[in-house]
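Take a look at the letters that make up each chain.
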Amino acid sequence: MAAVELAPAQIQVFQVLTIVLFAPLVSGGIAHLEARLQGRRGPRILQPYYDLTKLFRKETLVPEDAGWVFMAAPIVAFTCYMIVPLLIPVLTAFPLPLGYMGDILGGAFILTLAGFAVALAAAETGGPYAQLGSSRAMTFGALIEPSILFVTFTVALVTTTDLPYFEAAAVRSSFSEWILPAHLLAALAFFLVVLNDTGRIPVETHASTLEFGMIDEARTLEHSGPLFALLKWGSAMKQFILYVLLVNVFIAPWGLAGSRDLGAVLVAIPILLAKAFGVGAVFTVIDNSFSKLRLFKLTEFMASAFLLAILAVLVLYLAGG
Amino acid sequence: MAWDLIVILTVPFAVSVVCWWAPVAVGRALTLASGVLVFVLALLLVPAHTTTALSGWLRVDALSVVFLVAVAFLYGAGAVFAIGYIRPAGDPASAARYNRRFFAGLNLFAWSMAMAPIVNGLALLWIAIEVTTVVSALLVAIDDTDGATEAAWKYVLIASMGLGIALLATIVMYYAGSTVFGGAYDLFYPKLLGAAGHFPPEVVRLSFVLAVLGYGTKMGLVPVHTWLPDAHSEAPTPISALLSGSLLVVSFYAILRFYQVTVRAVGPTFPRTVLLVFGVMSLLLAALYLARQRDLKRLFAYSSVEHMGILAIGMSFSAPIAIVGVLLHVLAHAAAKGTAFFGAGSVVLKFGTKDMTRIRGGIGALPWSGPMLVMAVLGLSAMPPFGIFRSEFLFVSGGLADPSDAIAAVLVVGVTLAMLGLSWFASQTMLTPSANGTVGGEASAWIVASMVIGLVALTILGVHPPGELSDLLRRAAGELGVAR
Amino acid sequence: MAVAPPVPSTFSGGAEAIALVVLLTEFAMLRAPLSRSQIRLYAFQSFAVSALAVFVAATQHIPELYILAAFSFTLKVVLVPGIVLRLLRDARVDLAGSNRLGVATMILIAIGISAFGFFVVGGLPVHSHSLPTAALGLAMAVVLVAFLLVILRSDVVSQAVGFFSLENGVSVASLVVASRLPLIVEVAFLFDLLVAVVVFGVLMRVHHGRAQTLSTEVLDRLKG
């Protein structure tokens, strides 16, 4: 069979579709694994799809005080989460044309825009828990920003650009690059950032809704029906995107398609899913091993992430490694 | 005379071991004998030229002998004082145990302090000073009071951190040497001094600053002196005398060894500036604190900080006469501070307290040690005819010859401030007649004898230092200086 | 476009990574709430230092360093933590004393002084055969953060562990610039450390005996 070459635009569509379609699968897989580790049978791996279908059929209830932001926010968030896969190495090892549209910082901005929209909607509702959640989310989001910045700086210092593709290429080039202390530190710092942004232990218990500790979960309390479905889907996509960034740029940038061949691209999809499950498994183990930090101790967590990121830059600056 | 060094290496350590097991009287006698022996041997080394022993592991040159004499003198005089002073209370068994531990510790402490000037090389120097820290920390805590425990903990913590920095300084200096000597060599002095001209300058500068910070902690330089007033006031008085009179200057000796190498590597300006900064801080801070002391021994401890500051400032002057003054000051301060602490011990035994506001009429109560204490305090304040007057005179004349003679002025101001503080003490406690007449009488003849020894030495140093001693000081100053 | 910095070899990358672990454990000690955790962190840090020594010995062909690594392992990973853990058991104290500042503040200050240490050392023309020069900066940072640990924590065990970790930092520095220091000198240094540890242990027990606590809050009698 002759190799079918895909146009770059088609590959970009593939990337977006991969994220959109397979994000709930990753969520479901992680939930199932977590339950197994706790000794329960756990939900079906495809459960999130059933949840989304159910939610789309339900009615939408809107609080009295909410305005148009409440309705628009889930759509804005979902759109943002569809744009980001265009910028990061999801399936291919080589940069795609639209990938030059934004670097890591650009991707981070778009993700933050999504989070901002959702928080704004939650603040608008007037419900106490939603407002609590949105204010906490904004605060801790601001506290984790410096770490993201310094991770970006590390990438920029290593590859002289902060496009994620080049960092991935650099890491793939030799083992000594992988074991570079600055790279390890940056990867660890980014790991902590992902932990924070996907709302897992020790930042937040995603599995239950303890009001006193909720951050991300609280923002979506007031939404219902298709809007809620979009929010859930969106947050699953955000999780998948962050995992993709973590594995495909820092930890394990292997297994990406090297050419535009259709077969290569299709093979890249299960490899990506396997890697994402791997990362998810690590997070699950952490979930079951540690307890949630009390809210005011979260600053320690942020400081540690910041420490790792700054050390990465300092070590790099000091010694070229 | 290599056997000289071997005897100093072995005898005090052996005596220490014996004191731990032997009956108290035997221990005391041996301590006294050992102290006198080491002092005599140190004096015998004064006219000699550079001596080595044990295939180069031990080495004394003129600089080492100066400091060895300071240590040995206080070892001998301190032994005399301790025999009269140490009379622990309580049942005979625990008193005997205290005695044995104390004298074993005293000998071990003096042994370790004598080691530092006679070992060859920066590495062994560090090891010797580390041993002094460890032994003296245990001795500070030996009295088992709340204050002693607190002082001992602070002392061992801060001094050990300082010595950690000093170890880093030694390693950095080792690196500087390895650029010339290659990978593996020992840090013996002649080798280092010979090749110092080729060491990389920035590395040597870093090493010197670390050495001043690290060994300066043990020397009592501000701002890392915070353990000093506590440790010197809470330790048993003979140990305080040794700490103030000998240990501080042994740490100064370590700094001087680094100074020797640094001066040959980067020139005199940098090390002098560093020493000047620390010296001025120590002098001024100590002089200010001196005036507000209520505790007798703490007063003398701050006076030690002040004198260490004076030593550092003296080293920063460029005239050779000032360096001679520094070395003379080391000896004179040992004699004066020792006598002062011996007198303080006598006062404490008589009045039962260290609080100066409760001590009155010292001269009346202590017919011998009282006046001698006043003379020691005058000596510390640089009054003629005592040795410190002569050494400070040498500094100031050397400092005035410098282009920036403002420092000499600062020195004089600081010394005057300290003198005011000390004189206030002397007049309040010693010269003011007491309301209720305390029965006069000395606690022990040994104490009086030790003070006599101290004052005689101080006077000799002030009035007419023996020719060989002056010659030694000049040679040592020559070793420190550099051809400019 | 600027030129990317040269990529160091796998050896130096690995060595730096181990030195980095030493620094990170130092930071972790700032946070550790239990005295036991502090000691265990110290044991782990000493293990990393011994591993570094073995690393240098293997790649630079200095057989004496194997002996040194063995000594330092026995002393710093086994003996010292053992002594202090025994004291903790006797004292029946669990929590380390409270920090004088919050943990996040301490970490930020520690970052600041580590950066200072890096830059002080980075300016020196130090070319080492044994380890990458960045390791010297890391060692300096460990020393400085150890000082912070001693100043900002208020119980004797944390302060003692701070001092021990300072010695670890100096050991790393000596591996970088003085790896061929004669073995007898290195062993003498280690022996000295052992004696210092014994004295620390004695004084800790005396302090606990008098004050019935391991906190240094009560050590404020002597002032002025």
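Residues numbered from 1 in each chain as written. Chains lettered and ligands numbered in written order. Predicted model: local features only at pLDDT ≥ 70, side-chain atom pairs only at ≥ 80, totals over all residues.

Re the overall build of chain A
Step number 1: A count of helices and strands for chain A gives twelve helices and zero strands.
Step number 2: The globule rule puts the C-alpha radius of gyration for 321 residues at 20 Å, and the 19 Å found for chain A is close to it.
Step number 3: Overall, the C-alpha framework of chain A stretches about 55 × 50 × 45 Å when taken along its three principal axes.
Step number 4: Going through the 321 residues of chain A one by one, you find that 50% of them count as buried.
Step number 5: A separation of at least 24 residues holds for 80% of the contacts in chain A among residues at least 6 apart in sequence. (Helix = DSSP H or I, 4+ residues; strand = E, 2+ residues; numbered from the N terminus. Rg over C-alpha atoms; globule rule 2.2 N^0.38 Å. Buried ≥ 20, exposed ≤ 12 C-beta atoms within 10 Å, placed from the backbone. Contact = placed C-beta atoms within 7 Å.)

Details of the overall build of chain C
Step number 1: Assigned secondary structure in chain C consists of seven helices and zero strands.
Step number 2: Secondary structure of chain C in N-to-C order comes out as α-α-α-α-α-α-α.
Step number 3: Buried positions account for 53% of the 224 residues belonging to chain C.

A short note on the arrangement of the chains
Step number 1: Among two pairs of chains with at least one contact, chains B and C form the most extensive contact set.
Step number 2: There is a clear gap between chain A and chain B: no contact, and 17 Å between their nearest C-alpha atoms.

Focus: the packing of helix α5 (residues 128–159) of chain A against helix α6 (residues 164–173) of chain A
Residues and elements named next belong to chain A.
Step number 1: Where α5 meets α6, the axes come as close as 10 Å, and the angle between the chain directions of the two elements is 65 degrees. Both α5 and α6 take part in a crossing whose hand is left-handed. Contacts from Val155, Val158 and Thr159 in α5 reach Phe166, Glu167 and Ala170 in α6.
Step number 2: A breakdown of the residues in the contact of α5 with α6 according to their chemical character gives four nonpolar, one polar and one charged. (Axes fitted to C-alpha atoms, helices over the stretch in contact; angles between N-to-C directions. Left-handed = near helix turned anticlockwise from the far one by under 90°. Nonpolar A, V, L, I, M, F, W, Y, C, P; charged D, E, K, R; others polar.)

Some remarks on the packing of helix α8 (residues 181–197) of chain A against helix α10 (residues 225–251) of chain A
Residue and element names in this part refer to chain A.
Step number 1: Relative to each other, α8 and α10 sit at 175 degrees, their axes nearing to 10 Å. As the angle between them shows, α8 and α10 are arranged roughly antiparallel. Two secondary-structure elements touch here, α8 through Ala186, Ala187, Phe190, Phe191, Val194 and Asp197 and α10 through Leu242, Leu246, Phe250 and Ile251.
Step number 2: Taken together, the residues that form the contact of α8 with α10 break down as nine nonpolar, no polar and one charged. (Parallel < 35°, antiparallel > 145°, perpendicular 65-115°, else oblique.)

Focus: the interface of chain C and chain B
Step number 1: Counting from both sides, the interface comprises 35 residues of chain C and, opposite them, 34 residues of chain B.
Step number 2: For the side of chain C that touches chain B, the secondary-structure elements that each account for two or more residues are α5 (134–152), α6 (156–177) and α7 (183–211) of chain C.
Step number 3: Looking at which element gives the most residues to the side of chain C that touches chain B, the answer is α7 of chain C, with twelve residues.
Step number 4: Considered class by class, the residues forming the side of chain C that touches chain B number 26 nonpolar, four polar and five charged.

Examining the environment of Leu314 of chain A
Step number 1: Relative to the assigned elements, Leu314 of chain A resides in helix α12 (residues 298–319).
Step number 2: For the pair formed by Leu314 of chain A and Leu293 of chain A, sequence separation is 21 residues and the distance between their alpha carbons is 28 Å.

Some remarks on the confidence of the model for chain A
Step number 1: Summary statistics for chain A give a mean pLDDT of 82 and a share of 94% for residues scoring 70 or more.
Step number 2: Of all secondary-structure elements in chain A, the lowest mean pLDDT belongs to helix α7 (residues 175–178) of chain A, at 71, while helix α2 (residues 47–56) of chain A reaches the highest, 90. (pLDDT = per-residue confidence, 0-100.)

Regarding helix α12 (residues 296–315) of chain B
Step number 1: Given a rise of 1.5 Å per residue, 20 residues ought to cover 28 Å, and the 29 Å separating the end C-alpha atoms of α12 of chain B matches this to within 8%.
Step number 2: Among the 20 residues that make up α12 of chain B, 20 are buried, leaving the element largely enclosed by the rest of the structure. (Expected span 1.5 Å × (residues − 1).)

Some thoughts on the environment of Thr273 of chain B
Step number 1: Examined against the element boundaries, Thr273 of chain B turns out to sit in helix α11 (residues 269–290).
Step number 2: Spatially, the C-alpha atoms of Thr273 of chain B and Ser316 of chain B are 6.6 Å apart, while their sequence positions differ by 43 residues.

As for the confidence of the model for chain C
All names here are of chain C.
Step number 1: Taken as a whole, chain C shows an average pLDDT of 81; of its residues, 88% reach a score of 70 or greater.
Step number 2: Confidence drops under pLDDT 50 across residues 1–5; counting only partners more than four residues distant or on other chains, this segment forms six contacts.
Step number 3: Listed scores for the predicted complex are pTM 0.87 and ipTM 0.90.

Remarks on unusual backbone geometry
Residue and element names in this part refer to chain B.
Step number 1: Residue Val222 is joined to Pro223 through a cis peptide bond whose omega torsion reads 5 degrees.
Step number 2: If you trace the backbone, Pro223 turns up in the loop between α8 (201–219) and α9 (228–234).
Step number 3: Residue Pro385 is bonded to the preceding Pro384 through a cis peptide linkage, with omega at 5 degrees.
Step number 4: Tracing the backbone shows Pro385 in the loop between α15 (369–380) and α16 (387–401).
Step number 5: In this structure, Ala382 is a non-glycine residue whose phi angle is positive, near 70 degrees.
Step number 6: Examined against the element boundaries, Ala382 turns out to sit in the loop between α15 and α16.
Step number 7: Residue classification places Ala382 among the buried residues on the basis of 27 C-beta atoms within 10 Å.

Quick notes on the nonpolar core
Step number 1: If you look at the biggest cluster of nonpolar residues, it comprises 387 residues, and the most contacted ones within it are Ala189 and Ala312 of chain A, Val66 of chain B together with Val172 of chain C.
Step number 2: It is helix α6 (residues 146–181) of chain B that provides the largest number of residues to this core, a total of 22 residues. (Core = buried A, V, L, I, M, F, W, Y, C linked by C-beta atoms within 7 Å.)

A closer look at helix α1 (residues 2–21) of chain B
For the α-helix, the turn length of 3.6 residues means that residues three or four positions removed from each other point alike.
Residues and elements named next belong to chain B.
Step number 1: Between its terminal C-alpha atoms α1 stretches 30 Å, which fits the 28 Å expected from 20 residues at 1.5 Å a residue.
Step number 2: Burial in α1 covers these residues: Asp4, Leu5, Ile8, Pro12, Val15, Ser16 and Cys19.
Step number 3: On its buried side, α1 packs onto α2 (24–44), β1 (51–53), β2 (58–60) and α4 (92–118).

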